[in-house]
Each structure stands twice: as C-alpha cells, then as structure tokens.
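# Survey of secondary and tertiary structure
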Amino acid sequence: MQEKIKNLIKDALENLKIEVNDIALEHPADLKMGDYSTNVAMTVAKNVKTNPKELAEKIVAQILRLNTDKYIEKVEMAGAGFINFHLSRKFFANSVEEIVNEADNVGKNETLKDKKIMIEFTDPNPFKPFHIGHLMTNAIGESVARILEHSGAEVSRANYQGDVGLHVAKAIFVLLKNPKEYIVRNESKSRQALFIGKAYARGAELYENDTAAKAKIDEINKKIYSKSDAQINETYDWGFKVTMDAFQDLYETLGTEFDFYFLESQMAPVGEGIVRANLNKFIDPQGSKKIFEESDGAIVFKAEKYDPKLHTRVFITREGLPTYETKELGLAEEKFKTNPDMSLSIIVTANEQMDYMRVVTKAVSLLDPEHGAKMKHISHGMMRFASGKMGSRKGNVITGESLLNDVRDAVLEKMTDREFENTEREKIASAVAVSAIKYSILKQSTGGDIIYDFESSISSEGDSGPYLQYSFARANSIIEKAVKENILPDPHAFPKEIFEVEKLLYKFPEIVLRSSKEYEPHYIANYLIEVARSFNSFYGNNLIVDKKDKSSGYKIALSYAFSFVMKTGLSLLGIKAPKKM
RNA sequence: GCGCCCGUAGUUCAACGGAUAGAACGCUUGUCUUCGGAACAAGCGAUGUGGGUUCAAUUCCUGCCGGGCGCACCA
C-alpha cells in the first residue's frame, strides 16, 4: 500500500514537472486525519515558488486524476499543506483477512534473513544474588532477541558469568566460617542460593571493615585460582552448581533459553594471549600509536589517542593479572570464533558500563576492524522503586526472585473470582507476574532508569502487562463463544462502519520493523496498549457474537485478528498470553 | 575538571523535524437486563530557561540552570 501511494504521488509530481528525490509517507498522529499522509508539498513549495497549500491542492488534483486504486477512497489537502489519504472499508477488511491467514506469523519480515546474530544478556555472577538489575537486562535482551528473530535473523543467546574473582572468595570465606548459618543443604535450590547470596553480602562487608578477614579472603581468592585447597574446591563446586541451577529455574520462569554460557575464567587466558601478542605493536605507519603499552608497570590501552572522548584503561595489572577489560576482549573474540559467520554481536548491560564498553570495542576494532564494526552495545538504566513498600527494606537486596514472588502473590489474590485447577492457577499467576514486571521495563525506551511501581504494575488498569493479557483473554472468550454458537469468522461480511481497532491492526508489521531496526521493544509495548484499548472499546460498544447480526462473522474475524496481533506482540516482549486469567 | 545521558500534565512515561504535544495513574463525572467491571465513556491538566537554524523545533545547534552515570591496576 505504501509503495502504491508513493508511486501515485511520484506520478502526480512528474505531471507537474516537480522533482523530488525522496517522498516521506507517514501515518498521521490522529486517525481522523486519514491513514497515510505526506508533506511533500511543504518541502518543495519553496523551490517551486508557490505557497504550500496551493501546491498541495494542485498535487491532490493530479492524484485524483491518476488514481485507479479502489483502496484509496479519499485524498485531501489539510493543515499547513499536508496531503492525507483515507483508505476504504475494503482495505481494512482485507487486512483483517490477511492477519487471520497469517495467524502467529503476523508481523514477520525478512530484513535480517540469513543474518546470524548473537546477543549476550543477563550475566548474573555465581555466588552473588540475581538482583532486579539482572531482571531488567534479561527482559530487554530477550525481547530484542525475539524481535530480531521475527525479522528473520538467526539469533543465539549468550550468558557470561564471573565464575572467579574476589566476589567468589568473599562468599566462600563466610560459607566456610559459618556453615551452619549459611549452608542449608536440605532446603530448595533457590533458598540455598539465597543464603549463598547473603554470605556474599556479609563477606563484602567484612572485606571492607575487617583487616584480618580481608587478608583471609585474599588468600582464598588465590586458592580458588590455583585449586589447591580441597575444602575450598568442594564448597566452590557446590556453590557454583547451586547458584547456576537457581538461575536456570529463573530463566525458565522468565522464558529465556541460552545457547551459550561463557565463563570469565576461561576468557581470561584468551584475552591475555591477545593483549600480550599485541603489546608494543604499532598500528600506524608513523609508528606513534600502539594498541597496548606499558605504563607504571601495568599494560594499558590509551584509547584517547584514537578518540578524544575515550580514556585509558588497564588491561593487565602490575601484578600481571588480567582485568575485566582483558576478559571482555577475550570474550569478544571467542564469540566470533564460535560463530564464524556472525554478522552482529550484541551485548546488553546497564549504562554504567557504556564508556568502558566503548574503550573495549575500540581495542577490538584496532585488532580486527571487521569484528569491531559488528559489535553493538545496548545499555539500560537502573530499576528503582516508586513506593516505600519494597525500597525501604534496607540492607536487604531485592532479588529477582523475591520480586517475582511478591508480584505473583499479589496476582493470586486478584484471581479469586475465577475457577482454575490449582497447578493452572499457579502457572497463570506466574505468567501474569512476569508480564507485570517485563511490561514495566519494556514500555519505556531503553537507556533511562525505570521507576517500578509495584501497585500499578499489577493493578491492570490501563498501562500494564496484565491489561494486555486481560484484553487477550477477553478476545479469546469471544472466540470460544462464537465456536459454541457455531458462527464462523467471515472477513467478507463487513459492516459499513470502520472500527478504530482495524485502523491500528494493519500497522503491526511496521511497528515490528521499527523496533527491530532500533533495537527498541517499547514501540511494540506502546502499540499494543493502543490496540488493546481500541479493541476493548470495540468490545464495549458492540455485541460481537450475535446470530441476528449479519456482520457478526466479521466482528468475530476481527477478534481473531486482534488476538493474533496481541499474542504475537506479547511474545515479542517475552510475555505469555494465557487464554484465561 | 573532562566525557556521555537526561529535564514534557500533580506522578510515571510517549511523540521516526510536522497538524490541536499522546497515554496511564490520580482527581471530577457518567455507563451494568449484552459475549470476562482486571472494563467502557467524558472532563481537568505539561515541553526547565535564554538565543539560533528551519516553511515548520519537545526533537537539530548553542549559552545557562538542575539531575544521573563514567573517567588507571575492582567487576
């Protein structure tokens, strides 16, 4: 349709002997103003020395002469010189039919066909709690992954874990010192992991305030690397498994399946090899710029030499130990090695790592420009809490799991008036809780902090994940009722009236495309709210399943179309669409 | 100090240089003999500030004010 309209405009301009290289066609913000709109008249008015309105009228006249398309019903000049196109009843009925035929494939495109993309996200560390920040990274990463898949890409999901380092030593120190308090082997995996997390927090505290403990922790740290102490090894193996298993359970609840797990300990030697191999190597013909060089006994990368906005970072410490930077470098290269024909390597993290990531990316670019060009960093803000209820629990980190549980319990309370089998009730409550949290994160553009409001995320009034799920469940009820009453969906039995929801449904593929190009799930989230609202409005003002109504079949088809778009859209956000809730 | 990001109704967020800045919560009011009231319908209410570019600026450039993050051996 877009192409048709563009060609029509182009032909009209040719007749008027006006040359334009690019015609912008968009949807007017207000549905009343039409379905497509162009501003060409305003952009070229100056060159042709006419006023925009007059010119627009002339173009409209030409378009009306040329138009033979039955889907274009009305073309008119409006406002300061816009040309608005109104599409016909038939067009919308046609798009409803198309959506019903596409079903779960609605909104797919092939812009990323044959592209292999790896996306790394979540990255919780063994022995540390999975906190709400990880929840945020996970929600964004999973959604972006799904959106790219919907655009035809072959996506692999990667997770990167800090399996060695001081944080592990801190936890192990406390676990060994107070096993009775922190090791709870006969409780659930998640409880065990919770206590390991607490041991870590206690260890971190002691490391700061207790010099004896600090010395001991440093010693344990070395022994973890060397694997020289049987008792430490045993505790390490147990704790590693417990926390990783607990993470795995969470991923299942959240709906993520990782294809690759990279471990920091394994990236360290890879990165160190690269750094040492390129030490003091000049990269420019004049011989003034090196990638890695020695400075104060450490090996550093002076990124500001290449970009004044970047800064120096240490890659190998004076002690000869690889830093996080070096491991990241190793990881970047390892990813390309495991996926030789990868076209894009995405990393999702909080935005405190933005500058750091830029420096590492610069280093990669110098080592291998092709790889550098394929790296993409998506950064997001912090998750904060609106009301005191959760935020006020001082000293007690809010873990991803505790938040999920609290939200799920609140959801269960709201589900009292419907009948479910018990396991089903739990499953649905969990899906609704995930949706409440994920939607709160994904409804706004990535990059900024999000203020999580516990109450409004589940209240399902208006702007929330549960509201979307509720709309889907309602549509599903309608469909079930239609099946029972034996009324078939019929996209050809349309009434005269065009419903607002139809004017939104056909735009879904464009929204997916934009989200995919910008790596921005919030376009989909905002669109779904709009569609849900218009469907609920349609639902409230029309009797849909009605044997006496000739257009009932059409309204049922429309309900199907809505349910496909909603279900698919929710799935792109990483949210499930239960048929009942 | 330098760099990056941000400042929109009372609050939390939208707006790919376009039309009357759009929602939700809150507040005020209305709708229940209909398929799920976790709903629908109506009203009130905003671009931090001074310049500039443009036919057109919340959007681009720039000064100021206010906030967040990062800047050498932690991850």
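The rules behind these values
Along each chain, the written sequence defines residue order, and numbers are assigned to residues from 1. Just so you know, chain letters begin at A and ligand numbers begin at 1, following the order they were written in. At least 70 in pLDDT is required for a residue's local features to be given in this predicted model, at least 80 for side-chain atom pairs to be given and counted, and no such filter applies to totals for whole chains, interfaces and linings, which use all residues. Numbering of helices and strands runs from the N terminus, with a helix taken as a DSSP run of H or I at least four residues long and a strand as a DSSP run of E at least two residues long. Three exposure classes are used. Buried residues have 20 or more other C-beta atoms within 10 Å of their own C-beta, exposed residues have 12 or fewer, and partly exposed residues fall in between, all C-beta atoms being placed from the backbone. What makes a residue near a molecule or strand is its C-beta atom, placed from the backbone, lying within 6 Å of it. For two strands to be treated as a pair, DSSP must find no fewer than two bridges joining them. Geometry is summarised by axes, namely lines fitted to C-alpha atoms with helices restricted to the contacting stretch, and by angles between N-to-C directions that run from 0 to 180 degrees. Under the convention used throughout, the expected extent of a helix is 1.5 Å for every residue step, that is, one less than its residue count. It is the C-beta atoms, placed from the backbone, that decide contacts: two residues are in contact if theirs lie within 7 Å. For every residue, the pLDDT score states the predictor's confidence, bounded by 0 at the bottom and 100 at the top. Nonpolar core, as used here: buried Ala, Val, Leu, Ile, Met, Phe, Trp, Tyr and Cys residues forming one set through C-beta atoms within 7 Å. Geometric relationships in this document are graded by angle, where less than 35 degrees denotes roughly parallel, more than 145 denotes roughly antiparallel, 65 to 115 denotes roughly perpendicular, and other angles denote oblique. Crossings are classed by handedness, with left-handed meaning an anticlockwise turn of the near helix from the far one by less than a right angle and right-handed meaning a clockwise turn. Under the convention adopted here, Pro, Cys and the residues Ala, Val, Leu, Ile, Met, Phe, Trp and Tyr are nonpolar, Asp, Glu, Lys and Arg are charged, and Gly plus all remaining residues are polar.

Moving on, we get to the overall build of chain A. Summing up its helical and strand segments, chain A has 23 helices and 14 strands in all. Principal axes of the C-alpha set define a box for chain A whose edges measure 85 × 75 × 40 Å. Of all 581 residues assigned to chain A, the portion counted as buried reaches 43%.

On to unusual backbone geometry, then. Positive phi outside glycine occurs at K17, with the angle close to 60 degrees. In this structure, K17 sits in the loop between α1 (2–15) and β1 (25–26). Among the residues examined, K17 registers 7 C-beta atoms within 10 Å and is labelled exposed. In this structure, D114 is a non-glycine residue whose phi angle is positive, near 70 degrees. In this fold, D114 is placed in the loop between α4 (89–102) and β5 (116–120). The class for D114 is exposed, based on 10 C-beta atoms found within 10 Å.

Near RNA strand B you find 78 residues, and of these G79, D296, T317, Q444 and G462 are the closest. Within the residue set of the surface near RNA strand B, elements represented by two or more residues are α2 (40–48), β4 (82–87), β9 (298–302), β10 (312–316), α13 (354–367), β14 (450–452), α19 (465–484) and α22 (522–541).

With that settled, the discussion passes to the sheet that holds strand β8 (residues 292–295). Spatially, three strands are ordered β8-β9-β10 in an open sheet, and the strand pairing comes out antiparallel. Two strands in the sheet have a free side with no partner beyond their single neighbour: β8 and β10. Direction aside, neighbouring strands of the sheet carry axes that sit 45 degrees apart on average.

This part takes up helix α5 (residues 132–150). Here α5 contains 19 residues, and its C-alpha end-to-end distance of 27 Å stays within 8% of the 27 Å for a straight helix at 1.5 Å per residue. The element α5 is largely enclosed, with a buried count of 17 among its 19 residues. G152 occupies a position one or two residues after α5 and carries a positive phi of about 100 degrees.

Structural remark: α-helix, 3.6 residues per turn; residues separated by three or four positions point the same way. For helix α8 (residues 189–209), spanning 21 residues, the distance from its first C-alpha to its last is 30 Å, which sits close to the expected 30 Å at 1.5 Å a residue. Listing the buried residues of α8 in full gives Q192, A193, L194, I196, G197, A199, Y200, R202, G203 and Y207. Contacts from the buried residues of α8 go to α6 (166–177), α7 (179–182), α9 (211–226) and α10 (230–254).

Within the open sheet, the four strands sit side by side as β1-β2-β4-β3. Their pairing is antiparallel. Of all the strands in the sheet, just β1 and β3 (72–78) have a single pairing partner and so form its edges. Sheet analysis places β3 next to β4, joined by six bridges and oriented antiparallel. Pairing of M77 across the sheet is with I83, part of β4.

Moving on to the confidence of the model for chain A. The predicted model of chain A has a mean per-residue pLDDT of 91, with 97% of residues at 70 or higher. Mean pLDDT across the elements of chain A bottoms out in helix α15 (residues 388–391) (40) and peaks in β5 (97). Counted against residues more than four places away or in other chains, residues 388–395, with its pLDDT under 50, gives five contacts. Scoring the predicted complex yields pTM 0.95 and, for the interface, ipTM 0.94.

I119, L505, V531, A561, F562, V565 and M566 are the most contacted members of the largest nonpolar core, which has 157 residues in total. At twelve residues, helix α23 (residues 552–572) tops the list of elements feeding residues into this core. Every residue in contact with M566, bar those within four places of it in the chain, is listed here: L468, S471, F472, A475, L528, V531, A532 and A577.

With that settled, consider the environment of N51. For N51, the location among the structural elements is in the loop between α2 and α3 (52–66). Sequence spacing of N51 and K576 is 525 residues, and the spatial spacing of their C-alpha atoms is 52 Å.

Below, the discussion takes up the pairing of strand β11 (residues 344–350). Across the seven residues that make up β11, a large majority, five, are buried. With four bridges joining them, β5 and β11 adopt parallel strand pairing. Following the sheet pairing, I117 is matched in β11 by L344. Bridge count for β11 against strand β12 (residues 375–380) is six bridges, and the pairing is parallel.

The relative placement of two packed helices is expressed as an angle between their axes plus a distance between the axes. Where helix α12 (residues 324–338) contacts α13, the two axes come as close as 10 Å, and the packing angle between them is 50 degrees. By the angle class used here, α12 and α13 are oblique. Considering only the axes of α12 and α13, their crossing is right-handed. Across the interface between the two elements, E325, E328, L329 and A332 of α12 pack against V360, A363 and V364 of α13. Residues that form the contact of α12 with α13 fall into these classes: five nonpolar, no polar and two charged.

Here we come to the environment of P126. Within the secondary structure, P126 sits in the loop between β5 and α5. Expressed as a C-alpha distance, the spacing of P126 and L321, which sit 195 residues apart in the sequence, is 21 Å. In this view, P126 contacts Q161, D163, F240, T243 and M244; residues no more than four positions away in its chain are not counted.

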